[in-house]
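Fold and contact review
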Amino acid sequence: MKENLQKYVDERGQGGLDVGKSVELFRRYAYMEQSCVRALAGWFLKIPDWEMKIELGYHLYAHAERVNELGTRLEELRGGRHRDANIEPGLARIGEELIHAPDEQCFLAGLSWMLHNLADIYREHTLVADSSANALEIRILLRLLSDVEREAESVKKLQLKLQDSEGAAQWSAYLDELLQEIGGIGGLSSRNARQIVRPEKAIFEWPTPMIFDSRIREADLGSYESKLSLPLKERSIGEFQVYFNEFYAAALLATIIYDSWKLDAPRQYFMDIAHHFWDEVRHAEFGAIRLRELGTEPSIVNMVLFEQSQGIPLLHRLCYLTLGLEVYFMPRKSVRVRFYEQQGDPRSQLFADVDWSDESNHVRYGKRWVDYMLKDDARSIEDLQEEITKYLEAYANNSSAGKVPW
Ligand SMILES: [Fe+2]
Ligand SMILES: [Fe+2]
């Protein structure tokens, strides 16, 4: 829709955007981008096609990066903090609705609709801004614009993979009505009060277990030790099935991202959990790439560690993954890289090497943020770990819960 930033600039007669308006616009953009992060975290679990999940994972990180970049500028500009306290309820409603798309076609249609609106306003903003007074915002928005346009192209291709759904057009028309009611993302267009009918079945529910299509079944991955004596090819297949299974870690992070939606934490926290999530998505992708190169299709997952952790608080989930599981898996990482190197398997070595590096970061993120959240807390990390054990044991009354089966 037409955002009318030009009219605002013309009426003020300053030939650019004042600080107050720049701040307000950046807050609104950041809010919309953040809403996409949350919606993508939810639909990552719900969309059945795993290739699509991976692509959505890339997009989630892109949105998080854009939120971060807008946030960096907001922290510099006078009056830029406390985004959520300043958000107009009508805009908040749109952000909250995105995830409630009735089905996956609707979700992608809504995301695509949002990307086009973001691209429109980012473009318009760069055109009406003053090239000197607003130079920093222009540089940021030009970067964001090309990123959003690339994502819109990718989402269009994802939409073509799915069958048509009648509801999809209706869903984006509904979102559009909401947006027109508040005068666009920038809030500067004319506002029309409307009778807006919310489509039926628009309620997001967390799927348990995580949804995969019929190509993927739940099965045992075999223990780590059982693979060590296998010949190279069989061992690589076994180990890259375990990489593919990192969907479980990505799913766990997706719930952390979703539950952190209104958490009061520094900007870097949101960036780290998105980065961590995306790394796990890429590790699952490493598995898929290498399995295909080795002549086999990904076909199994084991989501037990994800499912066991679903009833426990966000802080405990974060601690369990980063300072429990990831620390537990760490000694295997260097061994794997050396093994592939010695065996002359440079492709497997590449993926194992990058994974090792990423995983060291994850433990660092975990330590930093668990410490941060325990700052005004009488408990230590050890206390937290005891609580996690109790939570996991209570899971389906299972005393073997929390044991790593691969
Ligand atoms: Fe990983
Ligand atoms: Fe990790």
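Scroll up to find the structure.
Our subject in this report is the structure included herewith. Computed from a predicted model, the values in this text were never measured in an experiment.

**Re the overall build of the protein chain**
From N to C terminus, the protein chain includes 15 helices and 2 strands. Computed over C-alpha atoms, the radius of gyration of the protein chain comes to 23 Å, within 12% of the 22 Å expected from 2.2 N^0.38 for 406 residues, which places it in the range of a compact globule. Counting only C-alpha atoms and orienting by the principal axes, one finds that the protein chain spans roughly 75 × 50 × 45 Å. In the protein chain, which comprises 406 residues, the proportion classed as buried is 56%. Of the contacts made within the protein chain by residues no fewer than 6 positions apart, 83% connect residues no fewer than 24 positions apart. Entry remark: accessible area of the protein chain is about 17600 Å², with carbon and sulfur atoms responsible for 50%.

**Topic: the packing of aromatic side chains**
Applying the stated criterion across every chain, the model contains 26 aromatic pairs. Note on Tyr-61 and Trp-278: the rings are 4.3 Å apart at their centroids and 10° apart in plane angle, and the pair reads as stacked. Here the residue Tyr-61 occupies a position in helix α3 (residues 50-76), and Trp-278 occupies one in helix α11 (residues 267-293), the gap between them amounting to 217 residues. On the basis of relative accessibility, which here comes to 9%, the residue Tyr-61 falls in the buried class.

**A short note on the layout of surface pockets**
Over the atoms, a rolling probe the size of a water molecule traces out where space has been left empty. By volume, the largest pocket amounts to about 680 Å³. In terms of lining residues, the largest pocket is bounded by 27 residues, among which Arg-83, Ala-265, Pro-266, Arg-267 and Phe-270 are the most central. Of all the secondary structure elements, the ones that give two or more residues to the lining of the largest pocket are α2 (19-46), α3 and α11. When residues of the lining of the largest pocket are assigned to domains, at least three fall in each of domain 1 (5-181) and domain 2 (217-397).

**A closer look at the coordination of the iron ion (ligand 1)**
Distances from the iron ion (ligand 1) to its protein donors, namely Glu-246 (OE), Glu-280 (OE), His-283 (ND1) and Glu-359 (OE), fall within the range 1.9 to 2.2 Å. The sequence pattern formed by the donor residues of the iron ion (ligand 1) is E-x33-E-x2-H-x75-E. A separation of 3.4 Å is found between the iron ion (ligand 1) and the iron ion (ligand 2), which are bridged by Glu-280. Of this pair, Glu-246 sits in the loop between α9 (232-244) and α10 (247-259) while Glu-280 sits in helix α11, and the two are 34 residues apart along the sequence. Grouping residues by exposure puts Glu-246 and Glu-280 together as buried.

**Examining empty space enclosed by the protein**
Tallied over the entire structure, the rule returns 3 cavities of 30 Å³ or more. Estimated volume of the largest cavity: approximately 150 Å³. Taken together, 13 residues make up the lining of the largest cavity; nearest its centre are Glu-246, Tyr-248, Phe-329, Lys-333 and Trp-406. Contributions of two or more residues to the lining of the largest cavity are made by α10 and α13 (314-342). Ranked by the residues each element gives to the lining of the largest cavity, the list is headed by α13, at 6 residues. Classifying every residue of the lining of the largest cavity gives 6 nonpolar, no polar and 7 charged. For the second largest cavity, the calculated volume is near 40 Å³. Lining the second largest cavity are Asp-272, Ile-273, His-276, Leu-318, Tyr-365, Gly-366 and Trp-369.

**Brief notes about the coordination of the iron ion (ligand 2)**
Octahedral metal centres with six donors ideally show angles of 90 or 180 degrees, and tetrahedral centres with four donors ideally show 109.5 degrees. Coordination sphere of the iron ion (ligand 2), protein contribution only: Glu-280 (OE), Glu-326 (OE), Glu-359 (OE), Glu-359 (OE) and His-362 (ND1), at 1.9 to 2.4 Å. For the iron ion (ligand 2), the donor residues sit on a single chain with the sequence spacing E-x45-E-x32-E-x2-H.

**Brief notes about the side chain of Ser-348**
Along the chain, the position of Ser-348 falls in helix α14 (residues 346-373). Accessibility expressed as a relative area gives 0% for Ser-348, which makes it buried. A distance of 2.7 Å separates a polar atom in the side chain of Ser-348 from a polar atom in the side chain of Asp-345. Filtering out sequence-adjacent residues up to four positions away, Ser-348 remains in contact with Ser-236, Phe-240, Arg-290 and Tyr-340.

Calculation criteria
- Residues numbered from 1 in each chain as written.
- Chains lettered and ligands numbered in written order.
- Predicted model: local features only at pLDDT ≥ 70, side-chain atom pairs only at ≥ 80, totals over all residues.
- Heavy atoms only, no water.
- Helix = DSSP H or I, 4+ residues; strand = E, 2+ residues; numbered from the N terminus.
- Rg over C-alpha atoms; globule rule 2.2 N^0.38 Å.
- Buried < 20%, exposed > 50% of the residue type's maximum accessible area, 1.4 Å probe, protein only.
- Contact = heavy atoms within 4.5 Å.
- Areas by Shrake-Rupley, 256 points an atom, 1.4 Å probe, with all protein chains shown as cover.
- Phe/Tyr/Trp six-rings, centres within 6.5 Å; stacked < 30°, edge-to-face > 60°.
- 1 Å grid on protein atoms, 1.4 Å probe; cavity = no way out; pocket = protein on both sides within 12 Å on 5 of 7 lines; lining within 4 Å.
- Points joined across faces, edges and corners; volume = space filled by probe spheres on them.
- Domains from an automatic or database assignment.
- Donors = N, O, S within 2.8 Å, 3.2 Å for Na, K, Ca; no water.
- Nonpolar A, V, L, I, M, F, W, Y, C, P; charged D, E, K, R; others polar.
- Polar contact = N/O pair within 3.5 Å; in protein donor to acceptor, adjacent residues only side chain to side chain.

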